Amino acid sequence: MADSAELLEIDGSVLEGGGQILRNAIALSSLLGRPVQICRIRAGRDKPGLKAQHNAGIQLLQQIVKADCCGCQRDSQTVTFRPPPAGAGSVSAIAGGNYSEDIGTAGSVCLLVQAALPVLAFADSPSLLSLRGGTNVDFAPPAEHFTGTLAPLLESTLGLRFRLSLARRGFYPRGGGQLALEVTPAPRGAPLAPIRLLDPGQLVRVTGVAHACGAIPARVAQQMASAARQLLLTALGSNTDPTAFFVDIVVDKSSQSVGNGCGISLTAHSSTGCLLGANAIGRRGVPAHDVAAEAVNQLLADVKRGVCVDVHTQDQLVIFMALAEGESAIRVGPLTLHTRTAVHVAEMLTGVNFSVSEDTTKPGKTDGGGEGNCVLSCRGLGLKRD
């Protein structure tokens, strides 16, 4: 790892070229005490520079690690973030406690969780984040993906303990949703365990949540849940146990959500403990059956591929793989642009080298199963709190 006092310049326009570079760079900077300057932020977008959601993420981490920050304002294309220095092999001083952040728009609170969770995993005491913004919006994982897929996955692999509580859903354009994140940090001197997800096992069951909020009729959630169950039974065969597919139905009144919205989130559970998530958001004029079909088709594509991590979770594991102790390896489909971006940032800041090897366990498949699969691996830093 490079000298933590040296300012590292990062081009914010490369690869995915969006908020992920910013979130991962600021999170790793906070942990490692490495000052960074991110330039050309979202330069390739129609409206380049920082938006409310990006500002909120930087400000949240600035609060947590007491960093100096320059350029954190709307539309800025350059941000300099200087956290307190860290000792060799240990994290910067991170104070647990209560923190809050209100995006003020429908920007995703789940993306704030992405930025803050790796940092708070190494805090000196438990933390509670109170976040306001969009909980179920386009271009971001919904809250249910975190509660149903990511949280149990990180707990079972890394030993990381955290809990997400969804108090109120918030939709585009108003936002206003409320999400609480409680994090119990790793014990002093204990690094995170490596992530090893290489055996997909057999599909055991599928769980999920279908929601209809505000002015959306309750029957829409019921129709999505029913359609998902039937589509899964049809695709997986008549001998499949129908009780293995359970989709909870949530209907929020207008007082329990901000705005109108609906959607469905599914999680496939395997015999080896792998969890695959898939989500779909309802849109005006799109039948409930088609919304359910979108999520089911996503899920079945990953199941048939024989992967251990779904297409939306790949990139979220990269930062934890880089921080954990020992050899982490995950069996995935073709690397997404978000995953390649996460790897790029992690390698720049941590010095950890990731490798990608072809998965040859399912050669010659033409039905989408196994073709293009790979194993993403690295030997992590073994970062720990002194």
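Calculation criteria
Residue indices follow the written sequence of each chain, beginning from 1 at its first position. In keeping with the model being predicted, local features are shown solely for residues with a pLDDT of at least 70 and side-chain atom pairs are shown and tallied solely at 80 or more, while totals for entire chains, interfaces and linings include all residues. Excluded from the side-chain calculation are hydrogens and water; included are all heavy atoms of the structure. UniProt positions are given in the numbering used here, feature names are shortened, and annotations may be inferred rather than shown by experiment. Any carboxyl oxygen of Asp or Glu that lies within 4 Å of a side-chain nitrogen of Lys or Arg is treated as forming a salt bridge with it. Comment: elements are numbered from the N terminus, with helices defined as DSSP H or I runs of at least four residues and strands as E runs of at least two. To define a nonpolar core, start from buried Ala, Val, Leu, Ile, Met, Phe, Trp, Tyr and Cys residues and group those joined through side-chain atoms within 4.5 Å. Using a 1.4 Å probe on the protein chains alone, a residue whose accessible area is under 20% of its type maximum counts as buried, one over 50% counts as exposed, and one in between counts as partly exposed. Contact between two residues is taken to exist if any of their heavy atoms lie within 4.5 Å; hydrogens are not considered. Polar contact is defined as a pair of N or O atoms within 3.5 Å, subject to the rule that within protein one atom must be able to donate a hydrogen and the other to accept it, and that residues adjacent in sequence are counted only when both atoms are side-chain atoms. Here, expected helix span is obtained from the residue count minus one, scaled by 1.5 Å. Lines fitted to the C-alpha atoms define the axes, with helices restricted to the stretch that makes contact. Angles between their N-to-C directions range from 0 to 180 degrees. Comment on the angle field: the value is read as roughly parallel under 35 degrees, roughly antiparallel over 145, roughly perpendicular from 65 to 115, and oblique elsewhere. For any pair of crossing helices, the crossing counts as left-handed if the nearer helix is rotated counterclockwise from the farther one by less than a right angle, and right-handed if it is rotated clockwise. Put simply, Ala, Val, Leu, Ile, Met, Phe, Trp, Tyr, Cys and Pro go in the nonpolar bin, Asp, Glu, Lys and Arg in the charged bin, and everything else, Gly too, in the polar bin. Two strands qualify as a pair provided that DSSP identifies no fewer than 2 bridges between them. Residue ranges for the domains originate in an automatic or database domain assignment. The term buried area refers to how much accessible surface (probe radius 1.4 Å) is lost by two components on association, counted for both of them together.

- As recorded by an unreviewed UniProt entry, the chain carries the name RNA 3'-terminal phosphate cyclase and is attributed to Macrostomum lignano.
- Word for word, the UniProt comment on the chain under Sequence similarities (unreviewed entry) is "Belongs to the RNA 3'-terminal cyclase family. Type 1 subfamily."
- Heading Catalytic activity (unreviewed entry) of the UniProt record for the chain holds this comment: "a 3'-end 3'-phospho-ribonucleotide-RNA + ATP = a 3'-end 2',3'-cyclophospho-ribonucleotide-RNA + AMP + diphosphate".

**Considerations on the pattern of salt bridges**
- Under the counting rule described, the total for this entry stands at 9 salt bridges.
- As a salt-bridge pair, D75 and K51 come within 2.9 Å of each other at their nearest N and O atoms. Residue D75 is found in the loop between β3 (68-70) and β4 (79-82), and its partner K51 is found in the loop between β2 (36-39) and α2 (52-65); the two are separated by 24 residues along the sequence.

**Section: the nonpolar core**
- Membership of the largest hydrophobic core comes to 85 residues, with the highest contact counts inside it found for I64, L317 and F354.
- With 9 residues, helix α3 (residues 109-120) is the single largest residue contributor to this core.
- Not counting residues within four places of it along the chain, the set of residues in contact with L317 comprises L150, L153, L154, I195, L197, V309 and I330.
- C262, A288, V291 and A292 belong to the second largest nonpolar core, which has 28 residues in total.

**Brief notes about the UniProt feature "binding site: ATP" (unreviewed entry) in the chain**
- Sites flagged by UniProt as "binding site: ATP" (unreviewed entry) map to Q114, H312, T313, Q314, D315 and Q316. Spatially, the listed residues are clustered: although they cover 203 residues, their C-alpha atoms lie within 12.7 Å of one another.
- Excluding residues that lie within four positions of it along the chain, T313 makes contacts with H145, T149, L150 and L153.
- Within the local environment of T313, its side chain forms a polar contact with the side chain of D310, the two groups lying 2.8 Å apart.

**Topic: unusual backbone geometry**
- Of note, the bond from Y172 into P173 is cis; its omega dihedral lies within 30 degrees of zero at 5 degrees.
- Tracing the backbone through its elements, the reader meets P173 in the loop between β7 (161-170) and β8 (177-184).
- Not every positive phi belongs to a glycine, and L15 is a case in point at roughly 50 degrees.
- With respect to the helices, strands and loops of the structure, L15 is situated in the loop between β1 (8-11) and α1 (19-32).
- In this structure, D75 takes a positive phi of about 75 degrees despite not being glycine.
- On the basis of relative accessibility, which here comes to 45%, the residue D75 falls in the partly exposed class.

**Examining α2**
- Taking 1.5 Å of rise per residue, the 14 residues of α2 would be expected to cover 20 Å, and the 20 Å separating its terminal C-alpha atoms lies within 8% of that figure.
- Buried within α2 we find A52, Q53, H54, N55, A56, G57, I58, L60, L61, I64 and V65.
- Where α2 ends, the next residue or the one after it, K66, has phi of about 60 degrees, a positive value.

**Observations concerning the packing of α3 against helix α7 (residues 314-323)**
- Running from amino to carboxyl end, α3 crosses α7 at an angle of 15 degrees, the nearest separation of the two axes being 11 Å. Comparing the axis directions of α3 and α7 gives the class roughly parallel. Between α3 and α7 lies a crossing whose hand is right-handed. For the pair α3 and α7, contact is made by Q114, L117 and P118 and by Q316, I319, F320 and L323, respectively.
- Its residues placed into classes, the contact of α3 with α7 shows 5 nonpolar, 2 polar and no charged.

**What to know about the sheet that holds strand β6 (residues 127-133)**
- Pairing within the open sheet is mixed, and its 5 strands lie in the order β5-β6-β8-β7-β12. Lying at the two open borders of the sheet, with one neighbouring strand each, are β5 (97-102) and β12 (257-258).
- Both β5 and β6 contribute to a ladder of 6 bridges, which runs parallel. From the neighbouring strand, G97 faces β6, where its bridge partner is S127.
- The strands touched by α2 within the sheet are β5 and β6, with β5 carrying the most contacts at an inclination of about 160 degrees.
- Sheet contacts for α3: β5, β6, β7 and β8; angle to β6, the most-contacted strand, approximately 165 degrees.

**Brief notes about the domain arrangement of the chain**
- One can read the domain layout of the chain as domain 1 (8-196 + 309-385) and domain 2 (201-302).
- Inter-centroid distance (C-alpha atoms) of domain 1 to domain 2 is 26 Å.
- With 22 residues of domain 1 at the contact, the number on the domain 2 side is 24 residues.
- Here domain 1 meets domain 2 over a buried area of about 1800 Å², counting both sides, of which 53% is carbon and sulfur.

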